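Geometric and topological summary
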Amino acid sequence: TLIDCVADTLQCWRETLVAFGVPVPTAQLQRLSGMDGDEMLATLVPSLDKQARKRILTAQGEYYRTVYLPRVRAFPGVRAVFGAIKSQGGRIALATDCQSDELKRYRSVMNVDDLIDAIACGDEVSKGKPDPALVELALHHLGGTPAASATMIGDTPFDAQAARSAGATAWGTLRGGHARSSLIDAGCSVVVASIGDFARYFQREKPLVSTASRHR
């Protein structure tokens, strides 16, 4: 949602799966992009048992950190959007499936640490999106903010499903490579082209609490 890394992540997954002898077309990986990694593998390659999926997940994570993570960049407009949220009295939590070491890199390129009120990271939950645990944890870290007053911004249908399951509003961007119709079908009430397009929208809105998601 905030980091321009979807293409790199898909490429990393494709190359890792080829190395394990289970090639999967990029189009299929894209369709499930943003889903919990273990759940994604179970869906794509049902013949893999739990241990095999774990080995692949570990290899993919190591490969991504070594080759792709150092070159990621933030999307334009992230700070402007965060500033607009804060100007309306909103609070911001990052809700990300990624691990803490990856998040450290992402935070270094976004330049928004002074605007973040809380963080819920993949290290803290047993399952990623579409499971709502990460969204619920983000709300908890915000001091028990009611889900009904929160808006989750994501770029995949799985972000929206997690938000709706937690009781929050879901908004989406198209930068994750998912169709507008897929995001709307998953529960997004607002869909824009990219994160920067939300700045003006927040300036027109009433004060709110927002959680922003970044998927791997």
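Below, the structure is looked at part by part. Please read these numbers as outputs of a predicted model, since none were measured by experiment.

1. A closer look at the overall build of the chain
From N to C terminus, the chain includes 10 helices and eight strands. If one aligns the C-alpha atoms of the chain with their principal axes, the spans along those axes are about 50 × 30 × 30 Å. Expressed as a percentage of the 216 residues in the chain, the buried residues total 52%. Long-range contacts, defined as pairs at least 24 residues apart, comprise 65% of the intrachain contacts of the chain with a sequence gap of at least 6. Within the structure as shown, the chain displays about 9400 Å² of accessible surface, and the carbon and sulfur contribution to it stands at 50%. Between the centroid of the 25 positive side chains of the chain and the centroid of its 23 negative side chains there is a distance of 3 Å.

2. A short note on the pairing of strand S5 (residues 150-154)
With five of five residues buried, S5 is to be regarded as a mostly interior element. Going residue by residue along S5, you find Ala-150, Met-152 and Gly-154 tucked away on one face and Thr-151 and Ile-153 tucked away on the opposite face as well. Where S5 and strand S6 (residues 169-173) come together, four bridges link them in parallel fashion. For Ile-153, the partnering residue across the bridge sits in S6 and is Trp-171.

3. Here's the deal with the state of the cysteines
One pass over the full model with this rule turns up zero disulfides. Free cysteine: Cys-5, not disulfide-bonded; nearest cysteine sulfur from Cys-98 at 8.8 Å. By relative accessible area, Cys-5 is classed as buried at 1%. No disulfide involves Cys-188; its sulfur sits 18 Å from that of Cys-5, the nearest cysteine.

4. Examining helix H5 (residues 78-87)
Within the span of H5, buried status applies to Val-78, Val-81, Phe-82, Ala-84 and Ile-85. Buried residues of H5 fall within an arc of 160° about the axis and therefore sit on the same side.

5. Digging into the nonpolar core
Among the nonpolar cores identified, the biggest contains 32 residues, and Tyr-64, Val-78, Val-81, Phe-82, Ile-195, Phe-198 and Phe-202 are the most heavily contacted of them. Of all the secondary-structure elements, those providing two or more residues to this core are helix H4 (50-68), H5, strand S3 (92-96), helix H6 (100-110), strand S7 (188-192) and helix H10 (198-204). A total of five residues in this core trace back to one element, the largest contributor, which is H5. If we ignore the near neighbours within four places in the chain, the residues touching Val-81 are Ile-195, Gly-196, Phe-198, Ala-199 and Phe-202. Listed in part, the 24 residues of the second largest apolar core include Ala-118, Val-135, Leu-183 and Cys-188.

6. Regarding the side chain of His-178
Position of His-178 among the secondary structure elements: in the loop between S6 and helix H9 (180-185). Assessed through its relative accessible area of 8%, His-178 is described here as buried. Of note is the side chain of His-178, whose polar atom sits 3.0 Å from the backbone oxygen of Ser-33. For His-178, the residues in contact, after removing those within four places along its chain, are Gln-30, Arg-31, Ser-33, Asp-155, Thr-156, Pro-157 and Leu-183.

7. A closer look at the pairing of S3
The buried count for S3 comes to five of five residues, which makes it a mostly enclosed element. Where burial is concerned, the two faces of S3 agree: the one with Ile-92, Leu-94 and Thr-96 and the one with Ala-93 and Ala-95 are both buried. Of the strand pairs in this sheet, S3 and strand S4 (residues 118-121) are connected by four bridges, and their pairing is parallel. Bridging from a neighbouring strand, Thr-96 pairs with Cys-121 of S4.

Conventions and cut-offs
- Residues numbered from 1 in each chain as written.
- Predicted model: local features only at pLDDT ≥ 70, side-chain atom pairs only at ≥ 80, totals over all residues.
- Heavy atoms only, no water.
- Helix = DSSP H or I, 4+ residues; strand = E, 2+ residues; numbered from the N terminus.
- Buried < 20%, exposed > 50% of the residue type's maximum accessible area, 1.4 Å probe, protein only.
- Contact = heavy atoms within 4.5 Å.
- Areas by Shrake-Rupley, 256 points an atom, 1.4 Å probe, with all protein chains shown as cover.
- Lys, Arg positive; Asp, Glu negative; His and termini not counted.
- Charge placed at Lys NZ, Arg CZ, Asp CG, Glu CD.
- Pairing = 2+ DSSP bridges.
- Disulfide = S-S within 2.5 Å.
- Arc of directions from axis to C-beta.
- Core = buried A, V, L, I, M, F, W, Y, C linked by side-chain atoms within 4.5 Å.
- Polar contact = N/O pair within 3.5 Å; in protein donor to acceptor, adjacent residues only side chain to side chain.

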